[in-house]
Structures are given as structure tokens and as C-alpha cells.
Amino acid sequence: MTTIKATCPTCGEVALTPDDIELRVDDSASDGSFYGFACPSCASEVRKPADERVVRLLVSGGVPALPVVPEPVRVRLRDRFDHPRLTHDDLLDFHQALKSDDWFHELTDLTNQ
């Protein structure tokens with residue numbers, strides 16, 4: 001099996017197999033590609049940029065090139081919901097409702113109104 005040498009910021013040079021490395025290639029931006037691995041010595045997650053030369057070397061060593069998955073758009077929690085905010089009174093009412101045996105039916109009746 002092919003051995004690929006990489007550098008962990010904590011441990012220094014480490015030996016990896018192609019299965020140990022995840023290579024992500026961004027076809028739309030030359031500086032968007034990267035590779036990552038879990039260091040076999042300290043278990044740190046290491047992520048490094050991969051230019052065209054590094055991509056070619058890793059692919060020739062048997063590492064599959066996967067596409068870069070775009071990050072999901074982050075939305076602030078307060079912008080996610082278009083409903084009234086939960087208050088302390090709401091929470092206390094819910095707590096009281098959970099004490100009864102038919103709490104689930106009471107809640108479903110409230111949502112059906």
C-alpha cells in the first residue's frame with residue numbers, strides 16, 4: 001500500500017495511507033481545495049490547503065478527489081422563526097401540562113385551534 005507523508009502541526013511528519021486522507025477539490029476556485037486527516041499520533045484533525053501540485057500528488061498516490069461541499073447558509077436563530085417567542089410563562093404552563101396524564105392530548109388540542 002502507498003505511504004503518504006504529511007505534517008501534523010503538533011507531531012511533525014507522519015505516515016498516512018490513501019484511506020487516511022480526505023481530499024476536497026474546488027473546481028471553481030484554485031485556492032479552495034484542501035486535504036485533511038486525523039493525525040495517527042495525537043488524533044488531531046488536520047486540514048491543509050491543496051494547490052494543483054498537491055492535488056496531483058495525492059490523486060497519483062490513490063487518494064480520491066471529492067468535490068468541495070458548500071457550507072450551508074447560516075441564519076441567526078431569531079431570524080429562523082416567524083412566530084411569537086417562548087416566554088417564561090409559556091414554559092411554566094408547559095411544565096404544568098406535563099404533570100397531567102393526558103398532557104399530549106391537551107397539547108394537540110391547542111395546536112388544532
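Note that the structure is predicted; figures quoted are calculated from it, not measured.

K.L.:
Let's hear about the pattern of salt bridges: which residues, and what values?
P.N.:
Enumeration according to the criterion identifies 1 salt bridge in this entry. Here Glu22 and Arg24 are joined by a salt bridge, their closest N and O atoms 2.7 Å apart. What makes Arg24 buried here is its relative accessible area of 17%.

K.L.:
Before we move on, can you summarise the packing of aromatic side chains with the specific residues and values?
P.N.:
Under the counting rule described, the total for this entry stands at 2 aromatic pairs. Relative to Phe37, the ring of Tyr35 lies with its centre 6.4 Å away and its plane at 15°, an arrangement referred to as stacked. Of the residues examined, Phe37 reaches a relative accessible area of 2% and is grouped as buried. Both rings, one in Trp103 and one in Phe104, keep their centres 5.8 Å apart while their planes meet at 90°; by these two values the pair is edge-to-face. Judged by relative accessible area, which is 31%, Trp103 ranks as partly exposed. One Lys or Arg, Arg47, reaches over the ring of Phe34 and ends 3.6 Å from the middle of that ring.

K.L.:
Account for the pairing of strand 1 (residues 4-8), naming residues and giving values.
P.N.:
Along strand 1, the buried face is formed by Ile4, Ala6 and Cys8; none of Lys5 and Thr7, which line the opposite face, is buried. Both strand 1 and strand 2 (residues 12-16) contribute to a ladder of 5 bridges, which runs antiparallel. Paired with Cys8 across the strands is Gly12, a residue of strand 2. Counted along the chain from strand 1 to the antiparallel partner strand 2, the turn is 3 residues long.

K.L.:
Just give me the short version of the sheet that holds strand 6 (residues 65-67), but keep the residues and values in it.
P.N.:
Overall, mixed pairing links the 4 strands, which are arranged 5-4-3-6 in an open sheet. Of all strands in the sheet, those with a lone pairing partner are strand 5 (45-49) and strand 6, marking the two edges. The mean angle between the axes of side-by-side strands here comes to 30°, regardless of whether they run parallel or antiparallel. As defined by bridge partners, strand 3 (residues 21-25) adjoins strand 6 across 3 bridges and the pair is classed as parallel.

K.L.:
Give a detailed account of the side chain of Ser33, specifying residues and quantitative values.
P.N.:
Mapped onto the elements, Ser33 comes out in the loop between strand 3 and strand 4 (34-38). Reaching out from Ser33, the side chain makes a polar contact with the backbone nitrogen of Asp26 at a distance of 2.9 Å. In this structure, Ser33 is in contact with Arg24, Val25, Asp26, Pro49, Ala50 and Val55, ignoring residues within four places of it in sequence.

K.L.:
Tell me about a nonpolar patch on the surface, residues and numbers included.
P.N.:
A grouping of Leu86, Leu91, Phe94, Leu98, Trp103 and Phe104 is seen on the molecular surface, where their side chains present a nonpolar patch of about 610 Å² in accessible area. For the nonpolar patch, the secondary structure elements donating two or more residues are helix 3 (88-98) and helix 4 (103-111). Per-element accounting of the nonpolar patch gives the leading share, 3 residues, to helix 3. With respect to the element layout, Leu86 can be found in the loop between helix 2 (77-80) and helix 3.

K.L.:
Now, about the nonpolar core: what can you tell me, with residues and values included?
P.N.:
Counting residues in each nonpolar core, the largest one holds 17 residues, and the members touching the most others are Ile21, Leu23, Tyr35, Phe37 and Leu58. For this core, the elements supplying multiple residues, two or more each, are strand 1, strand 2, strand 3, strand 4 and helix 1 (52-60). Setting aside its immediate chain neighbours within four residues, Tyr35 contacts Ile21, Glu22, Leu23, Val46, Arg47, Lys48, Pro49, Ala50, Val54 and Leu58.

Definitions and cut-offs
Residues numbered from 1 in each chain as written. Predicted model: local features only at pLDDT ≥ 70, side-chain atom pairs only at ≥ 80, totals over all residues. Heavy atoms only, no water. Salt bridge = Lys/Arg side-chain N within 4 Å of Asp/Glu carboxyl O. Buried < 20%, exposed > 50% of the residue type's maximum accessible area, 1.4 Å probe, protein only. Phe/Tyr/Trp six-rings, centres within 6.5 Å; stacked < 30°, edge-to-face > 60°. Lys NZ or Arg CZ within 6 Å of the ring centre and 35° of its normal. Helix = DSSP H or I, 4+ residues; strand = E, 2+ residues; numbered from the N terminus. Pairing = 2+ DSSP bridges. Axes fitted to C-alpha atoms, helices over the stretch in contact; angles between N-to-C directions. Polar contact = N/O pair within 3.5 Å; in protein donor to acceptor, adjacent residues only side chain to side chain. Contact = heavy atoms within 4.5 Å. Patch = residues over 30% accessible without salt bridge, like charges linked within 9 Å, V, L, I, M, F, W, Y side chains within 5 Å. Areas by Shrake-Rupley, 256 points an atom, 1.4 Å probe, with all protein chains shown as cover. Core = buried A, V, L, I, M, F, W, Y, C linked by side-chain atoms within 4.5 Å.

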